Amino acid sequence: GGRSKMAATMNEKDLVRVHNGFFDLISYQNMIKNISLAFFFFLLTASRSRGDEGHEMEEFLKREHSLIKPYQGVGSASSSHWDLMGNAMVTTEQVRLTQDMQSKQGAVWSRIPCHLKDWELQVHFKIHGQGKKNLNGDGLAVWYTKERMQSGPVFGNMDFFTGLGLFVDTYPNEEKQQEAQKKRYTPRTQRIFPYVSAMVGNGTVSYDHERDGRPTELGGCTALVRNLNHDTFLVVRYVRRRLTVMIDIDGKHEWRDCLDLPGVWLPQGYYFGASAITGDLSDNHDLISLKLYQLTVMRTAEEEKQEEEVTVPRVDNMALFIGETHTHTLTQHGPARGGQFNMCRPHYAHFSLSP
């Protein structure tokens, strides 16, 4: 009887121990679950921003469309998502589109077409060389175009391109010609170089190199980016048919407006790229990174229904831009239309535009 009583007592203790252990396990699992949920909501909050006109957006880095160190296999390996062209070369620190030598041109192009509807491209670049001010050239360009890997006169890319070109022009061709002819621009129309501008082409429009692209410019801003000791960035954001370009070139980690334009229609399935060119004057044109973020804009069912498929790039009221002799610029500091633009490098750049 004693042995069975002892066994019963031990069994009760064991049961209590198992019982307590079971609840300890449940408490532990609940704790892990709570931590996981907290982490999930932290990530969700960190990756959420307010989009154009107050629409909710989430941002995700798309690595297959991004060019980031250490540039493994770029231009050589079949597994790489990027091709090199011309005089472009890869180093451990950058993709050098051109060296500081005369008559060079180079480019890097994505092999994968981009089918995102809304996106943001952050460009980390550096332009530097031995030439003194206005004795350097010619600049670099960032592209989202139907064509790829085509050399030509537009900052190392083909003319009559189809899509978006963003130009960092470091040499004022037209101003030099006007000075030679004793004609001067007024303060309103004169541009200070280096100058950032944008153009949308449909395959039939030429970039006027001699006039620094003035006839087809959609907007732009001065960007003194040469020979700086700090990092220089520009961001191109395309959301709900609105094209916004901002620059961060002052070493303050602050974005400054460059252009903001609604009514820009760009097809999906085009290629991202970057190119540069030198002529009689030269510079090192370096690309440190291209980071593409998918912007997921919450649209209503009615908005989705109204979305038309774009087959040819266009800009609403394009006639206002083509053939005009004056520049269309937004040079005010701070965000367009009273919005707020915050930066949280290196992962996300958030901004919102008030309606």
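The preceding data block contains the structure.
Throughout this document, residue positions are counted from 1 along each chain, in the order its sequence is written. The predicted origin of the model limits local features to residues at a pLDDT of at least 70 and limits the giving and counting of side-chain atom pairs to 80 or more, whereas totals for whole chains, interfaces and linings rest on all residues. Side-chain descriptors were evaluated using all non-hydrogen atoms of the structure, hydrogens and water having been removed beforehand.

### Quick look at the overall build of the protein
- Think of it this way: any DSSP run of H or I at least four residues long counts as a helix, any run of E at least two long counts as a strand, and we number them from the N terminus. When you go through the protein residue by residue, the secondary structure sums to 3 helices and 20 strands.
- Only protein chains enter the accessibility calculation, which uses a 1.4 Å probe; a residue is then buried when its area is under 20% of its type maximum, exposed when over 50%, and partly exposed in between. Within the protein, the proportion of its 355 residues that are buried is 48%.
- Pairs at least 24 residues apart make up 72% of the contacts formed inside the protein by residues separated by at least 6 positions.
- Here the protein displays about 17800 Å² of accessible surface, and carbon together with sulfur accounts for 54% of that area. When checking whether two residues touch, look at their non-hydrogen atoms; a contact exists if any pair is within 4.5 Å. Method for areas: the Shrake-Rupley scheme with a 1.4 Å probe, in which residue coverage is limited to the protein chains shown.

### Quick look at the sheet that holds strand β3 (residues 82-86)
- Here, strands pair whenever DSSP counts at least two bridges between them. Sheet architecture is open: 7 strands sit in the order β3-β6-β16-β8-β9-β10-β11, paired in antiparallel fashion. The open sheet has two edge strands with one neighbour each: β3 and β11 (220-222). Taking the axes of each pair of neighbouring strands and ignoring which way they run, one obtains an average angle of 15° across the sheet. Simply put, an axis is a line fit to the C-alpha atoms, just over the touching stretch for a helix, and the angle between two N-to-C directions goes from 0 to 180 degrees.

### Looking at the nonpolar core
- Among buried residues, those of type Ala, Val, Leu, Ile, Met, Phe, Trp, Tyr and Cys that are joined through side-chain atoms within 4.5 Å constitute a nonpolar core. The biggest cluster of nonpolar side chains holds 49 residues, and the ones touching the most others in it are L67, W119, F125, L164 and L287.
- Residues contacting W119, with those up to four places away along its chain left out, are Y144, L164, V236, R237, Y238, L266, F272, L292, Y293 and L295.

### A word on the pairing of strand β9 (residues 162-169)
- Taken across its 8 residues, β9 has 8 buried, putting it largely inside the fold.
- Judged from the 7 bridges that link them, strand β8 (residues 139-145) and β9 form a sheet pairing that is antiparallel. Residue pairing in the sheet places V142 in a bridge with L166 of β9.
- Note: β9 against strand β10 (residues 195-202), 8 bridges, orientation antiparallel. Considered in β10, the bridge of L166 is made with A198.

### As for the pattern of salt bridges
- When a carboxyl oxygen of Asp or Glu lies within 4 Å of a side-chain nitrogen of Lys or Arg, that pair is called a salt bridge. Counting across every chain of the model gives 17 salt bridges.
- Note that R299 is salt-bridged to D118, the shortest N-O span being 2.9 Å. You can see R299 sitting in the loop between β17 (284-297) and α3 (301-306) and its partner D118 sitting in the loop between β6 (105-110) and β7 (119-128), a full 181 residues away along the chain. Summarising the burial analysis for this pair, R299 and D118 share the class buried.
- Notably, a salt bridge pairs E174 with R214, separated by 2.9 Å at the nearest N-O pair. Residue E174 is found in helix α2 (residues 173-180), and its partner R214 is found in the loop between β10 and β11; the two are separated by 40 residues along the sequence. Across the pair, R214 and E174 agree in class, each one buried.
- Salt bridges sharing common partners tie together D118, R241, R299 and E307.

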